[in-house]
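Working through the structure, step by step
Here are the chains, one letter per residue:
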Amino acid sequence: MNKVMTLLSVIVLTVITSPIYAQSEFYVSTTGSNTGDGSIRNPLKDLPTALEKARMEKGDVTIYIRDGKYMLQKPVVFTPQDGNDQRRLTVKAYPGEKVVLTGGIPLSLTWEPYKKGIMKARIEGNPVMDMLVVNGQIRHMARYPNFDEKAIRFNGTSAQATAPARVKKWKSPAGGYVHAMHNSDWGDFHYRITGKDSKGNLNMEGGWQNNRQSGLHPDNRMVENIFEELDAPGEWYYAANEHTLYYYPIEGEEVSEALFESPQLKHLIELRGTEEHPVKNIILEGLELTQTRRTFMEAYEPLLRSDWTIYRGAAVFFEGTEHCTLRNSNLHNLGGNAVFFSNYNRHSEVSGSHFTQIGASAICFVGDPKAVRSPSFEYGEYVPYEQLEHTKGPVGNNYPAQCLVYDNLIHSIGLFEKQITGVEISMAQAITVSHNSIYDTPRAGINISEGTWGGHILEFNDVFDTVKETGDHGSFNSWGRDRYWHPDYGTMESIVDKDRALILADAVQTTVIRNNRFRCDRGWDIDLDDGSSNYHIYNNLCLNGGIKLREGFYRIVENNIMINNSFHPHVWFNGSGDVFTRNIVMTAYQPIGIREWGLMVDYNIFTDSLSYAAARQNHTDEHSIVAAAEFRNPSNGDFTVADDSDIITRGGFHNFAMDQFGVVSPNLKAIAHTPEMPAPILLSSRKENSVIHWNGIAIKNLQTLGERSATGMDSERGVYVISVSTLGSELRDYIHPNDVILKIENISVDNLDDMQKALREADKSKDVKFVIFRTQKENMIVIPGKLIE
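Here goes a summary of the coordinates provided. Keep in mind the model is a prediction, meaning the values are calculated, not measured.

Things to note about the overall build of the protein chain
Helix and strand counts for the protein chain come out as nine helices and 65 strands. Since a compact globule built from 789 residues should have a radius of gyration of about 28 Å, the 29 Å found for the protein chain is in line with a globular shape. Taken along its principal axes, the extent of the C-alpha atoms in the protein chain is 95 × 85 × 60 Å. Here the protein chain holds 789 residues, and 60% of them are scored as buried. Sequence-distant contacts, at least 24 apart, represent 66% of the contacts inside the protein chain between residues at least 6 apart. Accessible surface, the protein chain: about 31,200 Å² in total, of which carbon and sulfur atoms supply 48%.

Following this line, the structure appears as structure tokens:
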């Protein structure tokens, strides 16, 4: 008995003296008080106060935020005090309740008429008035040209936007902005107007937002925040010297009953640590994050030799983190980037979240340029070979690695900036991008800016409706302007011949692109540009733009399907080591500047004999075959082939899953869009089914039931647009894949012969009217005659 009592005493004493790490809970409510204890009955009023109390606790802590809208006075900052090896911190919406963290403030306005339908109201104080949100919708600054949702770039551009004759009409344009596309449509530039001279020329500052300083596009320009351009519903202008907001209401809008808000913060949440003292084990869950300021005029930095410069900041900013997560959240109406992983980050993630109405990029991973050996920062820059450092890999660890982007819905981004993407990766390693749906973007859906330091896995993503406002790009885009790369091709060849080890000095790990679905209607589906090296690309369904490999080394491309398109090898090195095998191609290869066809281009499956014959003339594809591509159900996105087909039995192709692309969460799948499915076009040498190329556009007679299904046409008539080349003419701005051309001026187009006749008779000195069947209806489009000559 005494032994039993002694044992019980030891157990009790151990329990009493040992630290107890029971999880603590705190609650935040709009009706709470910061004098409360943070319990569910006496909640706190704001998140920063809850964080202060949580820091006093031992063990794991959960902060529940109750239903409501929380206006942040400054960014909420998490430090190693909040999350570390001893404590996991979770900040989440209370189950079933909606929590909004906003950087905007409501404007107290008393409206009165101004003139011509415009209302005005005085604003007290000095709030930032850079973006206006009315009843949850972003409104446009007074601009020229007026906003047009159908216009391709900036929702409307014009060469007259900065013409001196127009500028002279503006009394005081200082504070306005000029937005312009790059001269080659490689992104954009932004300027703040500081004044004008007597001749109507603008004085401006800016232009640092693009890393390829080749000048502004002469036509694709837009100006905003100009009082004299306030002339369309939904536009606004803030006269700071008068403290007065001018607003042109949209039809049926009662301004006295509407909620007007203006974002004040550039960041909402920051996780700030270092490699030596990282922020660890913080989970942000179930939050709605909205209203940050536009950032296109902030300080930008170049991303090595890519086309990019970037603002290192976002609504949610990760720096110096380990095992930190943003999940199941809704990010919208943001003026700049949504999420940014800067410098050192390990095993952190973004998952299950919805990104829409984003001013710049959705998710960025950008390391420290000081971690790069022998870096160059502009396309034309280089370090002479004799001065190059030869050690492989990075210097130190100050870059993102082993991070995850999983199950996110990303669309309608790049509202204000065009050199952006759904997921950006630069100076990082081993980033996994999996099961995301990304669409409606002005440039790439996923972009890798250079080879440093590879090891990324891109899988099961659904990426489409991309490159909508730019050119020479793809749904996936990469550059590889690494240490060995040189702007002079001959010099680069001599460097490679001298020191092949430099090829993989930066791209030290293989990047894998697998099991994705891509569709780019204004470029390539997969675009490996300028020296991109060390890639393995397999099991991808490419719905329109094919696969391009330019320069670079050691790319294995196998078991992919290229619907109505093909392989685009551009300017390969001798001894590139590239392999292209067991792919289904449906048109002839499109080589540019190829002297040697890599290690192997063979054992592929061609769907027509003409394309195969062209390949054999280039001395490739000795063992490739020609086989009919009888896809199972292409109109519903199933491009598998029968197990007993020649494609599999003779060609060695392997089917891969067609139903696993994109987001997986039921709530996101319910609202995610999917790409338009093309009708496979089987080419033939017969004239009645022949394909011709016209100014970079592949066209044929619309003849089959599948083509009718893909376009929605009522009968087999018209000229069907198979594909539009990204390197073709500017017709890509007017004519899209899956269009059917029905009429040119007054001539009906039932077939290719009719179209050729109509083009001959059209007056090309002026605009030419086309009737095109698109989106289930006939559309009138007007094409400058000079583009169809």
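Quick word on the packing of aromatic side chains
In this description, an aromatic ring pair is defined by two values, namely the gap between the centres and the angle between the planes. All told, the structure shown has 34 aromatic pairs when counted by the stated rule. Ring centres 6.4 Å apart and planes at 65° place the aromatic pair Trp 572 and Trp 597 in the edge-to-face group. Note that Trp 572 is positioned in the loop between strand E51 (567-570) and strand E52 (579-581) and Trp 597 in the loop between strand E53 (584-585) and strand E54 (600-602), a separation of 25 residues in sequence. Note on Trp 572: relative accessible area 1%, which makes it buried. An aromatic cluster is defined as three or more aromatic residues linked by ring pairs; in this entry it consists of Phe 567, Trp 572, Phe 580, Tyr 589, Trp 597, Phe 606 and Tyr 612. Just above the ring of Tyr 94 sits the side chain of Arg 66; from NZ or CZ to the centre is 4.0 Å. Residue placement shows Arg 212 over the ring face of Tyr 379; its charged tip is 3.8 Å from the ring centre.

Quick word on the sheet that holds strand E18 (residues 244-247)
With respect to topology, eight strands assemble into an open sheet ordered E7-E19-E10-E11-E17-E18-E9-E8, the strand pairing being mixed. Strands at the two margins of the open sheet, each flanked by one partner only, are strand E7 (104-106) and strand E8 (112-115). Going across the sheet, the axis of each strand differs from the next one's by a mean of 35°, ignoring polarity. For strand E11 (residues 137-141) and strand E17 (residues 235-239), the ladder comprises two bridges, and the chain directions are parallel. When the bridges of E17 are listed, His 140 appears paired with Glu 235.

Quick notes on the nonpolar core
Of all hydrophobic cores here, the largest spans 82 residues; its most connected members are Ile 63 and Val 339. The leading source of residues in this core is helix H2 (residues 47-54), at four residues. Excluding anything up to four places from it in sequence, Val 339 contacts Ala 314, Val 316, Phe 318, Leu 326, Leu 331, Val 350, Phe 355, Ala 362, Ile 363 and Cys 364. Core analysis: the second largest hydrophobic core is formed by 26 residues, Leu 109, Tyr 177, Tyr 300 and Phe 416 among them.

Quick notes on the layout of surface pockets
Estimated volume of the second largest pocket: approximately 680 Å³. Residue lining of the second largest pocket: 30 residues in total, with Gly 175, Asn 225, Tyr 237, Tyr 238 and Ala 240 positioned closest to the centre. With three residues, the top contributor of residues to the lining of the second largest pocket is E17. Counted by class, the lining of the second largest pocket contains 15 nonpolar, seven polar and eight charged residues.

Describing the sheet that holds strand E12 (residues 143-144)
Strands sit in the order E12-E16-E13-E14-E15 across an open sheet of five strands; the sheet is antiparallel. Looking at strand neighbours, the two that pair on one side only are E12 and strand E15 (202-206), the edges of this open sheet. Across five bridges, the pairing between strand E14 (residues 188-196) and E15 is antiparallel. In the strand pairing of E15, Lys 196 is matched with Leu 202.

Let's talk about empty space enclosed by the protein
All chains considered together, the criterion is met by five cavities of 30 Å³ or more. Approximately 100 Å³ is the volume found for the largest cavity. Along its surface, the largest cavity is lined by 14 residues, and Tyr 300, Thr 309, Glu 417, Gln 419 and Ile 420 are the ones closest to its centre. Estimated volume of the second largest cavity: approximately 80 Å³. Lining the second largest cavity are 13 residues, with Leu 304, Val 372, Arg 481, Asp 482 and Arg 483 positioned closest to its centre. Within the lining of the second largest cavity, the residues separate by chemical class into three nonpolar, three polar and seven charged.

Overview of the pairing of strand E42 (residues 474-478)
Among the five residues in E42, five count as buried, and that is most of the element. Bridge count for strand E39 (residues 446-448) against E42 is three bridges, and the pairing is parallel. Opposite Asn 447, over in E42, you have Asn 477 as the bridge partner. Relative to strand E45 (residues 524-528), E42 runs parallel, the two sharing four bridges. Within the sheet, the bridge partner assigned to Asn 477 lies in E45 and is Asp 527.

Description of the environment of Pro 375
With respect to the helices, strands and loops of the structure, Pro 375 is situated in the loop between strand E32 (363-366) and strand E33 (400-401). Sequence separation between Pro 375 and Leu 303 is 72 residues, and the spatial gap between their C-alpha atoms is 9.9 Å. In this structure Pro 375 touches Leu 304, Pro 369 and Val 383, once residues within four positions along its chain are discounted.

Considerations on the pattern of salt bridges
By the definition in use, this model includes 43 salt bridges. Arg 55 is paired through a salt bridge with Asp 82; the nearest N and O atoms lie 2.6 Å apart. Taken as a pair, Arg 55 in the loop between H2 and strand E2 (61-65) and Asp 82 in the loop between strand E4 (76-78) and strand E5 (89-93) lie far apart in primary sequence, 27 residues in all. Note that Arg 650 is salt-bridged to Asp 646, the shortest N-O span being 3.4 Å. Within this structure, Arg 212, Asp 307, Arg 443, Arg 481, Asp 527, Asp 529, Asp 530, Lys 548, Arg 550 and Glu 551 form a network of salt bridges that share partners.

Section: helix H9 (residues 752-761)
For H9, the set of buried residues is Leu 752, Met 755, Ala 758 and Leu 759. For H9, the angular spread of buried residues about the axis comes to 120°, placing them on one side. Exposed and facing more than 90 degrees away from the buried side of H9 are Arg 760 and Glu 761. Of the surrounding secondary structure, the elements contacted by the buried residues of H9 are strand E59 (691-694), strand E60 (697-701), strand E61 (719-724), strand E62 (740-744), strand E63 (747-748) and strand E64 (767-774). The residue sitting at the N-terminus of H9 and contributing the capping side-chain oxygen is Asn 751; that oxygen lies 3.1 Å from the backbone nitrogen of Asp 753.

What counts, and at which threshold
- Residues numbered from 1 in each chain as written.
- Predicted model: local features only at pLDDT ≥ 70, side-chain atom pairs only at ≥ 80, totals over all residues.
- Heavy atoms only, no water.
- Helix = DSSP H or I, 4+ residues; strand = E, 2+ residues; numbered from the N terminus.
- Rg over C-alpha atoms; globule rule 2.2 N^0.38 Å.
- Buried < 20%, exposed > 50% of the residue type's maximum accessible area, 1.4 Å probe, protein only.
- Contact = heavy atoms within 4.5 Å.
- Areas by Shrake-Rupley, 256 points an atom, 1.4 Å probe, with all protein chains shown as cover.
- Phe/Tyr/Trp six-rings, centres within 6.5 Å; stacked < 30°, edge-to-face > 60°.
- Lys NZ or Arg CZ within 6 Å of the ring centre and 35° of its normal.
- Pairing = 2+ DSSP bridges.
- Axes fitted to C-alpha atoms, helices over the stretch in contact; angles between N-to-C directions.
- Core = buried A, V, L, I, M, F, W, Y, C linked by side-chain atoms within 4.5 Å.
- 1 Å grid on protein atoms, 1.4 Å probe; cavity = no way out; pocket = protein on both sides within 12 Å on 5 of 7 lines; lining within 4 Å.
- Points joined across faces, edges and corners; volume = space filled by probe spheres on them.
- Nonpolar A, V, L, I, M, F, W, Y, C, P; charged D, E, K, R; others polar.
- Salt bridge = Lys/Arg side-chain N within 4 Å of Asp/Glu carboxyl O.
- Arc of directions from axis to C-beta.
- Polar contact = N/O pair within 3.5 Å; in protein donor to acceptor, adjacent residues only side chain to side chain.

All we've got here are geometric facts, nothing functional implied.
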